[in-house]
Amino acid sequence: MATDIKETTHAVEAAAVMGLLPARPRLLALGEPTHGEDTLLDLRNELFRQLVEQEGYRTIAIESDCLMGLVVDAHVTSGTGTLDEVMQHGFSHGWGSSAANRELVRWMRAYNVRADSDGRPASERLRFAGFDGPLEITGAASPREALTALHGCLAARVAADLLPCTAETLDRLLGTDDRWTDPAAMTDPAQSVGQSAGAGRLRLLADDLVALLDAQTPHLITATSREDWHRARLYGRTATSLLRYHHWMADPSPSRLTRLVALRDSMMAANLLALAEQGPALVHAHNGHLQRDKSTMRMGGLPLEWWSAGAIVSTHLGEGYAFLATALGTIRHQGVDTPPPDTVEGLLYALPEDRCVVDTSLLATTLGDTRPALRVSPFYGYAPLDPAHLAGTDGIVFVKDVP
């Protein structure tokens, strides 16, 4: 190795992270290799605080339902709802039970409330966003919430004869929500309503509603606000994407699962690109959703490969997107013990620091022709860092031990 590997590391601080990048990115993505560990979320929270106080970041976006995230955002910006209510109704995937997520929401609300009764100016307030679709492992949500909200936004501001349908027509075509959310549809395409005649009609109507939203943009922003318009666009993206997702849930072809995981990341990417329009944001999700390289996994015994949200967004934004991959030494309570010394994790584990930020370009120079081995995980919920992906990362955040 050309130099000591310790020379590639820095403290886990916003200033050190920015020092790795050519400019302040509009989206700074921090990945994690496993979910559900508050140690990693506490680190995320501290980095976000520093980015807010030192670098002008005002938004955090996490791998959670984009519509449920509106509940959290309303609380941190306006005080709507109690903290308990927000944690119960504002997060998907069970993330609301996390103490670290609760502390994030509490701190964001406190930051937004100044000593005077008016709070911070709107331009200085912290914002929260979920950027995942309304999707769970067991299936996808009904498109009702997004579709009816989009229709409602337009019906309140646009002449009725311009709307492609009435609210009653949408309600009739949607039917009961349990038709859409039947868990059996995830494993049996025949149980999905996504390719029924009614679902096909809804896809056309959703497309027409989004087209009307685009066409009426100058009027809508003047009549309401740019923020309301952004929210209407979120409803439109979510409605059309959910209907597309349900359509392919009903597909019996061998490419079904590949298409579904790709659609999910495509939904994530669209939400992130919309956030990038509104100012710099810290993005937090699994490494696999944020990396620039293709993502892979096995599902239902099949190998799947698709482009992640990060790969899509990076292609659009260039230097406006930066990606830090988190790597771990041990998660002993999950059976993940000391990493082999010939892996990236093993090389970093030998350092004295409990956590550090690694300059990956300098690390590659230090390694020279030495190619670290890929660590093998005994725990399915943890994805080791792939050394082949080093060139696609702007830095590594290394955490030695997850207690």
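Residues numbered from 1 in each chain as written. Predicted model: local features only at pLDDT ≥ 70, side-chain atom pairs only at ≥ 80, totals over all residues. Heavy atoms only, no water.

Identification of the protein chain as Erythromycin esterase family protein from Streptomyces coacervatus is taken from an unreviewed UniProt entry.

Draft legend 1. Fine view of the overall build of the protein chain. Along the protein chain, the regular secondary structure elements total 17 helices and twelve strands. For the protein chain, the C-alpha radius of gyration of 22 Å lies close to 22 Å, the compact-globule estimate for 403 residues. Oriented by its inertia axes, the alpha-carbon framework of the protein chain measures out at about 70 × 60 × 35 Å. Residues counted as buried form 53% of the 403 residues belonging to the protein chain. In the protein chain, 76% of the contacts between residues at least 6 apart in sequence involve partners at least 24 apart. For the protein chain, the computed accessible surface area is about 17,500 Å², with 53% contributed by carbon and sulfur atoms. (Helix = DSSP H or I, 4+ residues; strand = E, 2+ residues; numbered from the N terminus. Rg over C-alpha atoms; globule rule 2.2 N^0.38 Å. Buried < 20%, exposed > 50% of the residue type's maximum accessible area, 1.4 Å probe, protein only. Contact = heavy atoms within 4.5 Å. Areas by Shrake-Rupley, 256 points an atom, 1.4 Å probe, with all protein chains shown as cover.)

Draft legend 2. View of the nonpolar core. Judged by nonpolar contacts, the single largest core of 43 residues is most densely connected at Leu 28, Phe 48, Met 108 and Phe 128. It is helix H2 (residues 38-55) that contributes the most residues to this core, six residues altogether. Here Met 108 is in contact with Phe 48, Ile 60, Val 76, Leu 126, Arg 127 and Phe 128, once residues within four sequence places are set aside. Counting 34 residues, the second-largest nonpolar core is a separate cluster that includes Leu 27, Phe 131, Val 313 and Ala 325. (Core = buried A, V, L, I, M, F, W, Y, C linked by side-chain atoms within 4.5 Å.)

Draft legend 3. How the structure looks around the sheet that holds strand S2 (residues 27-32). Taken in spatial order, the eight strands of this open sheet run S1-S11-S12-S10-S2-S7-S3-S4, and their pairing is mixed. For this open sheet the edge positions go to strand S1 (9-10) and strand S4 (127-132), each flanked by a neighbour on one side alone. When strand S10 (residues 321-330) meets strand S12 (residues 395-401), the two strands line up parallel, connected through six bridges. Following the sheet pairing, Thr 330 is matched in S12 by Asp 401. Of the strands in this sheet, S2, strand S3 (59-65), strand S7 (281-286), S10, strand S11 (355-358) and S12 are in contact with H2, which crosses S2 at around 165 degrees. (Pairing = 2+ DSSP bridges. Axes fitted to C-alpha atoms, helices over the stretch in contact; angles between N-to-C directions.)

Draft legend 4. Quick look at the packing of helix H7 (residues 167-174) against helix H10 (residues 197-215). Direction vectors running N to C along H7 and H10 enclose 145 degrees, while the axes themselves pass 9 Å from each other. Judged by the sense of rotation from one axis to the other, the crossing of H7 with H10 is left-handed. From H7, Thr 169, Leu 170, Leu 173 and Leu 174 reach across to H10, where they touch Gly 198, Arg 201, Leu 202 and Leu 205. (Left-handed = near helix turned anticlockwise from the far one by under 90°.)

Draft legend 5. The arrangement of the side chain of Arg 264 in detail. Mapped onto the elements, Arg 264 comes out in helix H13 (residues 256-276). Once residues lying within four places of it in the same chain are set aside, the contact partners of Arg 264 are Glu 63, His 93, Asp 132, Leu 135 and His 289.

Draft legend 6. Spatial organisation of the packing of aromatic side chains. Here the structure, examined in full by the defined rule, presents four aromatic pairs. Measuring from centroid to centroid gives 5.6 Å for Phe 91 and Phe 128, while their planes differ by 70 degrees, and the two rings are edge-to-face. With Phe 91 in the loop between helix H4 (83-89) and helix H5 (99-112) and Phe 128 in strand S4, this pair connects stretches of sequence that are 37 residues apart. This pair shows no difference in class: Phe 91 is buried, exactly as Phe 128 is. Lying over the aromatic face of Tyr 57, Arg 24 brings its terminal NZ or CZ to 5.8 Å of the ring centre. One residue, Lys 400, lies across the ring of Tyr 349, its end atom 5.2 Å from the ring centre. (Phe/Tyr/Trp six-rings, centres within 6.5 Å; stacked < 30°, edge-to-face > 60°. Lys NZ or Arg CZ within 6 Å of the ring centre and 35° of its normal.)

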